[in-house]
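# Close look at the chain arrangement
As a plain string of letters, each chain reads:
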Amino acid sequence: MSADASPIGIFDSGVGGLSVLRAIRTELPAESILYLADQAHVPYGPRPLEEVRAFSRAISHFLIQQGAKIIVVACNTASAAALHYLRQEFPDLPFVGMEPAVKPAAEHTHSGRVGVLATPATFQGKLYASVVERFARGVEIYQDACPGLVEQIEAGNLAGPATRAILESALIPMLRQGIDTVVLGCTHYPFVIPLIQEIVGPAVRVIDPAPAIARQVQRVLISRQALNLSSPGRSFGQAVRLLTTGSPADLQQLLPCYLNQTAPVEPLCWQADQLRFC
Ligand code: DGL
């Protein structure tokens, strides 16, 4: 088997994809990771799908230029807007994307009632409609776009009153309907799982899709003989390179709150719809 030390490229509108990065680090500690947060444009959720598709294309192009061997679209919104298109545009590279975990939720629910939290763009996309159509037969789905939640999580407010108010207004009506499962259809939301669990109580199952995505990345790399076999597990600082189109200082300062890690963050700039190092 050959070894491939090239990085795994991961992107999101902001810090949400760090929940996926965390799971990939757990599953594949020897891999190098290049993480790109497009914080100049966060949130993606309220934007038109075409605009998110254009950002996703430019970001993928940049990650490929940097030598990525696989791209993880660690954003449900970008996956809804662009995953299919990216696979056509860049046919030589494998892409792994997110889709709301409606299938496992529908398989495990006892009450037959499931809540889904995602962004407006994810709910509008064909991917979500197709997942519900294929897997949610006979299951009642209750949706909420949690307005303002991504912004609170971007600001590092993972447990304050504003974040709690958004989650309560989404989840309490769902609880009244008898949901026993909550699907997190936005990669930002796993950072507020403790608060969600506190609101819904221990009897309601909260599904974080990140571990399943990490296992999928592993399967794809094995099938392409592209695992990094040349280095053993490495520290976060050795393995991960972080880039943002927003404020590197802000992301650097908030990193301990998301990942319990400190690391440098490099700036990237958008110029004429392309990404460059500033
Ligand atoms: N984390 C993203 C998602 O999974 C994007 C949220 C946003 O930027 O609105 O949908």
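Now for a quick tour of the structure. (Residues numbered from 1 in each chain as written. Predicted model: local features only at pLDDT ≥ 70, side-chain atom pairs only at ≥ 80, totals over all residues. Heavy atoms only, no water.)

### A look at the pairing of strand β10 (residues 265-271)
- For strand β9 (residues 240-244) and β10, the ladder comprises 3 bridges, and the chain directions are parallel. Opposite L243, over in β10, you have E266 as the bridge partner.
- Relative to strand β11 (residues 274-277), β10 runs antiparallel, the two being bridged by 4 bridges. In the sheet register, W270 faces β11, and the bridge partner there is L275.
- Turn length for the β10-β11 hairpin, with the two strands adjacent in sequence and antiparallel, is 2 residues, and the turn residue A272 shows positive phi of about 50 degrees. (Pairing = 2+ DSSP bridges. Helix = DSSP H or I, 4+ residues; strand = E, 2+ residues; numbered from the N terminus.)

### Thoughts on the packing of helix α8 (residues 161-176) against helix α9 (residues 193-200)
- The interhelical angle for the contact between α8 and α9, taken along N-to-C directions, is 40 degrees, at an axis separation of 10 Å. Judged by the inter-axis angle, α8 sits oblique to α9. Viewed along their axes, α8 and α9 form a crossing whose handedness is right-handed. Only L195, I196, E198, I199 and V200 of α9 make contact with α8, whose side of the interface consists of T163, R164, L167, E168, L171, I172 and L175.
- For the contact of α8 with α9, the residue count by class is 8 nonpolar, 1 polar and 3 charged. (Axes fitted to C-alpha atoms, helices over the stretch in contact; angles between N-to-C directions. Parallel < 35°, antiparallel > 145°, perpendicular 65-115°, else oblique. Left-handed = near helix turned anticlockwise from the far one by under 90°. Contact = heavy atoms within 4.5 Å. Nonpolar A, V, L, I, M, F, W, Y, C, P; charged D, E, K, R; others polar.)

### Points about the nonpolar core
- Formed by 60 residues in total, the largest nonpolar core has its most connected members in L18, L21, I24, L117, V217 and L242.
- Counting residues per element, this core draws most heavily on helix α10 (residues 210-223), at 6 residues.
- Residues contacting L21, with those up to four places away along its chain left out, are I10, I33, Y35, F236, V240, L242 and L259.
- With 26 residues, the next largest nonpolar core counts Y44, V73, F95 and L275 among its residues. (Core = buried A, V, L, I, M, F, W, Y, C linked by side-chain atoms within 4.5 Å. Buried < 20%, exposed > 50% of the residue type's maximum accessible area, 1.4 Å probe, protein only.)

### Looking at the pattern of salt bridges
- Scanning the model with the defined rule gives 8 salt bridges in all.
- E51 is the partner of R47 in a salt bridge, and the nearest nitrogen-oxygen pair spans 3.1 Å.
- Exposure remark for E51: the relative accessible area of 30% places this residue in the partly exposed category.
- For the salt bridge of E133 with R137, the shortest nitrogen-to-oxygen distance reads 3.3 Å.
- Sharing partners across several salt bridges, the network here consists of R164, E168 and E198. (Salt bridge = Lys/Arg side-chain N within 4 Å of Asp/Glu carboxyl O.)

### Some words on the packing of aromatic side chains
- Scanning the model with the defined rule gives 6 aromatic pairs in all.
- The structure contains a cluster of three or more aromatic residues connected by ring pairs, namely Y44, F55 and W270. (Phe/Tyr/Trp six-rings, centres within 6.5 Å; stacked < 30°, edge-to-face > 60°.)

### Brief notes about the state of the cysteines
- A complete count under the given rule lists 1 disulfide for this structure.
- The thiol sulfur of C146 is not disulfide-bonded, and the nearest other cysteine sulfur, from C186, lies at 8.5 Å.
- Residue classification places C146 among the buried residues on the basis of a relative accessible area of 2%.
- You can see C257 has no disulfide; the closest cysteine sulfur is in C186, sitting 15 Å from it. (Disulfide = S-S within 2.5 Å.)

### Observations regarding the site of the ligand
- The immediate surroundings of the ligand are formed by 14 residues, with S13, Y44, G45, T77 and H188 found nearest.
- In this structure, an oxygen atom belonging to the ligand sits 2.6 Å away from a main-chain N or O atom of Y44.
- With respect to the ligand, the backbone of T187 contributes an N or O atom lying 2.8 Å from an oxygen atom.
- In isolation the ligand offers 300 Å² of accessible surface; the protein chains occlude 99% of this area.
- Grouping the amino acids of the shell around the ligand by side-chain chemistry returns 6 nonpolar, 7 polar and 1 charged. (Near = heavy atom within 4 Å. Polar contact = N/O pair within 3.5 Å; in protein donor to acceptor, adjacent residues only side chain to side chain. Areas by Shrake-Rupley, 256 points an atom, 1.4 Å probe, with all protein chains shown as cover.)

### Considerations on the sheet that holds strand β2 (residues 33-37)
- Reading across from one edge, β4-β3-β1-β2-β9-β10-β11 is the order of the 7 strands in this open sheet, with mixed pairing throughout. The open sheet has two edge strands, β4 (95-97) and β11, and neither has a second partner. This sheet shows a mean twist of 25 degrees between the axes of neighbouring strands, independent of strand direction.
- Bridging between β2 and β9 involves 5 bridges; their strand directions are parallel. Opposite L34, over in β9, you have R241 as the bridge partner.
- With respect to the sheet, helix α1 (residues 18-27) is in contact with β1 (8-12), β2, β3 (70-73) and β9, its orientation differing from that of β2 by roughly 170 degrees.

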